[in-house]
Amino acid sequence: MQPYRILIIKLGALGDVMLSLPHIKQICAAHPDAAITVLTAPEYAELVSHQPDVTVRAFKRRGFLEMTRLLAWLRRQQFAVVYDLQGSLRSRIMTRVSAAGQRIGRRPGGVYTHAPAATDETLHAFTELNRLLEYAGIERAGPRFSLAAGDAARQAVARWLQEHQALDARLVLMHAGSSERWLSKRWDAAYFLTLAQLLEQRGYAVIWIGGSDEQELIQHLSPEAGLDASGEFDFMELLALGQHASFAVVNDSGPMHVLSAANIPVYAFFGPTDWQRSHALGQQDRVLTHPVPCSPCHLPVCPPERQHRCLDTITPTDVITRLEQDGLL
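Predicted, not measured: the structure shown is a model, and the values here were computed from it.

Notes on the packing of helix α1 (residues 14-30) against helix α5 (residues 125-135)
Two numbers describe how α1 lies on α5: the axes approach to 9 Å, and their chain directions differ by 15°. One element, α1, and the other, α5, form an angle in the roughly parallel class. As α1 runs across α5, the sense of the crossing is right-handed. Together, Leu-19, Ser-20, Pro-22, His-23, Gln-26 and Ile-27 of α1 and Ala-125, Phe-126, Leu-129, Asn-130 and Leu-133 of α5 make up the contact between the two elements.

And the structure:
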């Protein structure tokens, strides 16, 4: 007898995938006897695979041929239920092509057989996915979520820290970068450097994190303060590194969400995007923001006449004061 087959679609980006992991866990718990496949991007496959008893299908998201192959694969699988946690045009096409008897989406649309009746654009992405679960008769995900890094990731991080004489140090992680498509999310690099120097004076060892595309920025900062770890760690290793740290100070970014799953305090700068919709899970009380009339603007680059006031008005001294108030300094 063919098993009851379920597909969960969550393609990206990194922060969105991290926020969806608790919901994927809830869906799996609600269908203990089903054969569950999660469709995601290759770079997030390892994150998703930590949910036991799921099969992960990686989709490259680029190219007509790749999409054609995926759609043909979807038709062959004969899924009974599809949970579309993405809600994009592409994922709606995938949901429709699957021909599943139940097609559950996060927002109303003709492609779905089940979806919440109304859309609230002010909801946090996590809350929006909880509405989907409720509509499907599944228990809501809780407000906190932690992820185990795994032995290989922990050992790789321990080796790196040992090599840099930081294994027993009081660590602070700092992410001064962001996606190249979202330069407006970046707090001033000179402010980050000043903050790193102030933290070092307080006895902390600062580690700069970021991807390979942020190495030039971090190589500019690290000679003055901190250790350069740009491009050193994958997502699971970054999670393991977070579990060594006392706290993190970051821009609104994918690493913000990964570090939140390490169960440490994560202080994040928000200006061009709406923190009420995008903060890391359980970290809403650690948002660093300065209200101005033009925020959130959702512009990838701040217009010069606005002088990036939403972020540049926040000073390193302001951050130090906040950390003191929270008992971290």
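Moving on, there is more to tell.
Considerations on the pairing of strand β7 (residues 205-208)
Here β7 shows no split at all, with Ala-205 and Ile-207 on one side and Val-206 and Trp-208 on the other all buried. Of the pairings in the sheet, the one linking strand β6 (residues 171-175) to β7 comprises 4 bridges and is parallel in character. Note on β7: the bridge partner recorded for Leu-173 is Ile-207. Crossover β6 to β7 through helix α7 (residues 189-201) is right-handed. Bridge count between β7 and strand β8 (residues 227-228): 2 bridges; the pairing is parallel. Residue Trp-208 lies in a different strand from β8, and its bridge partner there is Asp-228. Handedness of the crossover joining β7 and β8 through helix α8 (residues 215-221): right-handed.

Observations concerning the pairing of strand β5 (residues 102-105)
Looking along a regular strand, one sees side chains alternate from face to face of the sheet. Both strand β4 (residues 81-84) and β5 contribute to a ladder of 4 bridges, which runs parallel. Each bridged residue has a counterpart across the sheet, and for Tyr-83 the counterpart in β5 is Ile-104.

Structural notes on the packing of aromatic side chains
Considering all chains together, one arrives at 10 aromatic pairs under this definition. Their ring planes at 20° and their centres at 4.1 Å tell us that Trp-187 and Phe-269 sit as a pair that is stacked. Separated by 82 residues along the polypeptide, Trp-187 in the loop between β6 and α7 and Phe-269 in strand β10 (residues 266-269) bring together distant segments of the chain. Residue Trp-187 is classed as buried on the basis of its relative accessible area of 1%. The structure contains a cluster of three or more aromatic residues connected by ring pairs, namely Trp-187, Tyr-191, Phe-192, Trp-208 and Phe-269. The ring of Tyr-204 carries the charged tip of Arg-170 above its face, separated from the ring centre by 4.1 Å.

A short note on the sheet that holds β8
Sheet architecture is open: 6 strands sit in the order β8-β7-β6-β9-β10-β11, paired in parallel fashion. Since the sheet does not close on itself, it has two edges, and those belong to β8 and β11 (287-288), each with one partner.

Points about the pattern of salt bridges
In this structure the tally under the stated criterion is 7 salt bridges. Across the salt bridge formed by Asp-252 and Lys-185, the nearest N and O atoms sit 3.5 Å from each other. Residue Asp-252 is located in the loop between β9 (245-251) and α10 (254-260), and its partner Lys-185 is located in the loop between β6 and α7; the two are separated by 67 residues in the primary sequence. Take Lys-185: its relative accessible area is 14%, and that puts it in the buried class.

Some details on the side chain of Ser-260
Relative to the elements of secondary structure, Ser-260 occurs in helix α10. A relative accessible area of 4% means that Ser-260 is categorised as buried. Engagement of the side chain of Ser-260 in a polar contact is seen with the backbone oxygen of Leu-281, the distance being 2.7 Å. Dropping the residues within four chain positions of it, Ser-260 is found in contact with Arg-144, Phe-145, Val-266, Ala-280, Leu-281 and Gln-283.

Describing unusual backbone geometry
Cis peptide bonds are those with omega within 30 degrees of zero, and the linkage from Gly-12 to Ala-13 qualifies with 5°. Although it is not a glycine, Asn-263 sits at a positive phi angle of roughly 60°. Its location among the elements puts Asn-263 in the loop between α10 and β10. Positive phi values are uncommon outside glycine, yet His-298 reaches one of about 60°. With respect to the helices and strands, the residue His-298 is situated in the loop between β11 and α12 (309-312).

A short note on the environment of Thr-317
Topologically, Thr-317 is positioned in helix α13 (residues 316-325). Thr-317 sits in the exposed class, given a relative accessible area of 52%. In this structure the C-alpha to C-alpha distance between Thr-317 and Tyr-191, which are 126 residues apart in sequence, comes to 9.4 Å.

Here is what the cut-offs are and how they apply
Residues numbered from 1 in each chain as written. Predicted model: local features only at pLDDT ≥ 70, side-chain atom pairs only at ≥ 80, totals over all residues. Heavy atoms only, no water. Axes fitted to C-alpha atoms, helices over the stretch in contact; angles between N-to-C directions. Helix = DSSP H or I, 4+ residues; strand = E, 2+ residues; numbered from the N terminus. Parallel < 35°, antiparallel > 145°, perpendicular 65-115°, else oblique. Left-handed = near helix turned anticlockwise from the far one by under 90°. Contact = heavy atoms within 4.5 Å. Buried < 20%, exposed > 50% of the residue type's maximum accessible area, 1.4 Å probe, protein only. Pairing = 2+ DSSP bridges. Right-handed = clockwise from strand over helix to strand, strands pointing away. Phe/Tyr/Trp six-rings, centres within 6.5 Å; stacked < 30°, edge-to-face > 60°. Lys NZ or Arg CZ within 6 Å of the ring centre and 35° of its normal. Salt bridge = Lys/Arg side-chain N within 4 Å of Asp/Glu carboxyl O. Polar contact = N/O pair within 3.5 Å; in protein donor to acceptor, adjacent residues only side chain to side chain.

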